[in-house]
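Structure assessment
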Amino acid sequence: METAIDSANKEANGISLSEKKVTVVFVLGGPGSGKGTQCANIVQHFGFTHLSAGDLLRAEIKSGSENGTMIQNMIKDGKIVPSEVTVKLLQRAMQDSSNDKFLIDGFPRNEENRAAFESVTGIDPEFVLFFECPEEEMERRLLSRNQGREDDNIDTVRKRFKVYMESSLPVIEYYIAKGKVRKIEAAKPVKEVFEAVKTIFTPLKEKELYLIDCKKPVELIEAAMEMETEQQLSTCRGAEAVLNLQPASSVSIAYHSLFGPHDDLVLLELDEKLLPDVLHNSLMKMQFFVLRPKHMPLSMSEPPTLYCLYRLQINHCCVEMHKILMRKIVSRNWWHQSSKWHLVSWKLFEVAPRIDRLKMLLSENPYRFDDALMSEELDEMEKNNTRLYSWSDLIDKVQASADELRSGLQALSAVEIDGYWRIVDENYMDGILNMLLHNSVLNDWSLNGLNEAEVVGVLQSDGFPCEIAHHCLQVYGSKMDDGMWRLDEKRVCIHFARGILRGGKIRMDNFMVEWMRKIPEEMQASFDMLTGEVLTEKLGIETWVYAFSVSSLPSAPAERFSMLFRERPKWEWKDLQPYIRDLSVPGLSSEGLLLKYTRRTQPTPDAEPVFSAR
Ligand SMILES: Nc1ncnc2c1ncn2[C@@H]1O[C@H](COP(=O)(O)OP(=O)(O)O)[C@@H](O)[C@H]1O
Ligand SMILES: Nc1ccn([C@@H]2O[C@H](COP(=O)(O)OP(=O)(O)O)[C@@H](O)[C@H]2O)c(=O)n1
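Residues numbered from 1 in each chain as written. Chains lettered and ligands numbered in written order. Predicted model: local features only at pLDDT ≥ 70, side-chain atom pairs only at ≥ 80, totals over all residues. Heavy atoms only, no water.

**Considering the site of ligand 1**
Rule in force here: Residues are classed as near a molecule or strand on a simple rule: at least one heavy atom within 4 Å of it. Contacts described as polar in this section are N or O atom pairs within 3.5 Å, which, within protein, must combine one atom able to donate a hydrogen with one able to accept it, while residues neighboring in sequence count only if both atoms come from side chains. For the area figures, the Shrake-Rupley method with a 1.4 Å probe applies, and any residue is considered shielded solely by the protein chains shown. For helices the rule is a DSSP run of H or I covering at least 4 residues; for strands it is a run of E covering at least 2, with both sets numbered from the N terminus onward. Gly counts as polar in this scheme, as do all residues outside two lists: the nonpolar Ala, Val, Leu, Ile, Met, Phe, Trp, Tyr, Cys and Pro, and the charged Asp, Glu, Lys and Arg.
With respect to spatial proximity, 14 residues lie near ligand 1, and among them Lys35, Gly36, Thr37, Arg145 and Lys188 are the closest. Lysine 35 has a polar backbone atom sitting 2.9 Å from an oxygen atom of ligand 1. Between ligand 1 and arginine 141, the relevant distance is 3.2 Å, taken from a nitrogen atom to a side-chain nitrogen or oxygen of the residue. The protein chains hide 77% of the 560 Å² of surface that ligand 1 would expose on its own. By residue number, the principal contributor to the shell around ligand 1 is helix 2 (residues 35-46), which donates 3 residues. Residues belonging to the shell around ligand 1 are distributed by class as follows: 4 nonpolar, 6 polar and 4 charged.

**So, the packing of aromatic side chains**
Defined as follows: Two rings from Phe, Tyr or Trp (for Trp, the six-membered ring) form a pair when their centres sit within 6.5 Å of each other. Planes less than 30 degrees apart are called stacked, planes more than 60 degrees apart edge-to-face, and all others tilted.
Summed over all chains, the structure comprises 16 aromatic pairs. Where phenylalanine 26 meets phenylalanine 117, the ring centres are 5.4 Å apart and the plane angle is 70°; that geometry is what we call edge-to-face. Here phenylalanine 26, found in strand 1 (residues 23-29), pairs with phenylalanine 117, found in helix 6 (residues 111-121); they are 91 residues apart in sequence, far enough to count as distant. Every member of this aromatic cluster is reached through a ring pair, and the members are Phe26, Phe107, Phe117, Tyr174 and Tyr175.

**Thoughts on the UniProt feature "binding site: CMP" (unreviewed entry) in the protein**
Applied cut-off: UniProt positions are given in the numbering used here, feature names are shortened, and annotations may be inferred rather than shown by experiment. Pairs of residues are marked as contacts when any of their non-hydrogen atoms sit within 4.5 Å.
When the UniProt feature table is mapped to this numbering, "binding site: CMP" (unreviewed entry) covers Asn113. Assignment of secondary structure puts asparagine 113 in helix 6. When neighbours within four sequence positions are excluded, asparagine 113 is seen to be in contact with Ile80, Val81, Ser83, Val87, Phe107 and Pro108.

**Here's the deal with the site of ligand 2**
Close to ligand 2 lie 20 residues, the nearest being Lys35, Lys79, Val81, Arg109 and Arg160. Here an oxygen atom of ligand 2 sits 2.8 Å away from a polar atom, N or O, in the side chain of arginine 109. At a separation of 3.1 Å, a nitrogen atom of ligand 2 approaches a polar side-chain atom of asparagine 113. Along the lines of polarity and charge, the residues of the shell around ligand 2 split into 7 nonpolar, 5 polar and 8 charged.

**Examining the UniProt feature "binding site: ATP" (unreviewed entry) in the protein**
Threshold: Exposure classes here rest on a 1.4 Å probe applied to the protein chains alone. A residue is buried below 20% of its type maximum, exposed above 50%, and partly exposed in between.
Look at the UniProt record and you will see "binding site: ATP" (unreviewed entry) annotated at Gly32, Ser33, Gly34, Lys35, Gly36, Thr37, Arg145 and Lys188. Structurally, glycine 34 is set in the loop between strand 1 and helix 2. Tracing the backbone shows threonine 37 in helix 2. The class for threonine 37 is partly exposed, based on a relative accessible area of 43%.

**Description of the packing of helix 5 (residues 83-96) against helix 6**
Our working rule: Angular values range over 0 to 180 degrees, each being the angle between N-to-C directions of two axes fitted as lines to C-alpha atoms, with helices fitted over their stretch in contact. Roughly parallel here means an angle under 35 degrees, roughly antiparallel means over 145, roughly perpendicular means 65 to 115, and every remaining angle is called oblique. The sense of a crossing depends on the near helix, which, turned anticlockwise from the far helix by less than a right angle, makes the crossing left-handed and, turned clockwise, makes it right-handed.
Running from amino to carboxyl end, helix 5 crosses helix 6 at an angle of 45°, the nearest separation of the two axes being 9 Å. The angle between the axes of helix 5 and helix 6 places the two elements in the oblique class. Crossing hand, helix 5 versus helix 6: right-handed. Across the interface between the two elements, Ser83, Val87, Leu90, Gln91 and Met94 of helix 5 pack against Glu112, Asn113, Ala116, Phe117, Val120 and Thr121 of helix 6. When the residues that make up the contact of helix 5 with helix 6 are grouped by side-chain class, the tally is 6 nonpolar, 4 polar and 1 charged.

What follows is the structure in structure tokens.
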């Protein structure tokens, strides 16, 4: 009996295909590659309707249609039936179905099939599932298919292979170029092939995900520790372990230099903006990583070509990178293929490494005078409680490669003490620098030729740890070819200017007097040295100066500009430039940065341009 739903469907089916929003997946591959077998599985698991072009043609022969004999002869000969016949059959089958998701198997088999389908139905396939299988295996399967098919004999099979190579492969190449092909290694056992198929059809999350490129080569991943399954224990480390992951298995990863020579890969991470969403997702906490070839540029607007996609399950906290469990959900067949996954739309942004995080971590607990006293007695327990970070902790926590981390630590003037990386408290640094200068006067040392052993020895006898004494030379000086150290005029002068300005805004003339008084006699300070360190302000007839250091500003451009415009609503180029020249945004020039984050006005054509917030 016909139900109300059936009749409603019939009505719906009366509408044309173009009005009905259908999803079409083409299933292609040589004869005997297993298309029909896998389509049956897909139908069961994913609710598609299977339309086999070959089956429709064979049914047409059986129905006694006027084209029957022609079709029969063509099939017997392994030739491709004219498109108008096949397209009509497919179109009718789709229209007659109440489903809107179709697997079209064995079609388009040539360029003519493809063009005819496109022009008649206006449908562009969601993607093309391509079964790749060696000819010998296909031949073996066809000759033992045993379905009583007239064309499964050795002569016709050979003809079909020839037609496949000449006519069907170009269609696959056409879709590869469009980024639509999902390739499956079809020579494996049915179950294994289906595992690969499943990963392609399993929906991820039907919402937009923002991925951030942490801009690190994946040399950073180590997959060697905390393997979840025994099977992985026996496999290799680093990149290989990631690449060899089996579906539904997992490994923990952390940034690590042991990743290997895979600097053609880049690791991408979920945007933190989405973290609350993801964290409150009742399903599970997850993060998505994408590996892509480095040479493929990411554009801001188009979804990029994905290299390989992994779903990461995080066992404690999403924000931190360490101890991440990773599960491969999409097979390597994605490589060099899709620009868009049919169920998820991806937006990718390239970002610079998160060095701000490093600053935040190290500022939690700067090295102070007290530390110097108690360093010896500090037992492990205490160290664990006092937020100290070793190199490997930082590699885990900061999204940066080893090189980026090294230069980040250097920019922060961090030093490794007892195996932990520390920022040294400014007052403490001031103390040791003054002690060095004081000793240089006492001992008649030249600031352009300091003997390392002598300086360190004297500073140690004044109560400074050896590492800090070395660190002081490194921060304020540079080593010369002859092994002696020379104090850097600019760095020393900036140090003293910072010290004065820590007390707050000060009148320019007072500042200059105090600054000159503080700096060593051998050195010459000039206000230009303080570009990017201080700002000046006119109050009445007086000029005042205050600290505003580029190193204290966030490295993310949006936050940086917002901080700059909070400080001053309008900036002239010469003032602005020192505060933005270190910003680097992948894919955006400095002009682009200004366009994106500032409004440029020029009161008169020859006036200096002024930048304000957008
Ligand atoms: N992965 C596989 N391993 C071994 N035999 C297979 C596999 N997939 C399919 N077959 C067998 O090979 C023959 C051809 O498979 P079929 O799905 O009809 O291929 P196609 O639709 O691509 O022509 C069938 O007899 C099928 O049972
Ligand atoms: N788009 C198509 C599909 C099949 N066919 C014909 O149908 C035959 C059988 O195709 P099929 O898809 O059922 O079988 P396999 O060749 O994949 O095993 C082909 O050899 C062609 O002669 C066609 O002419 N046009």
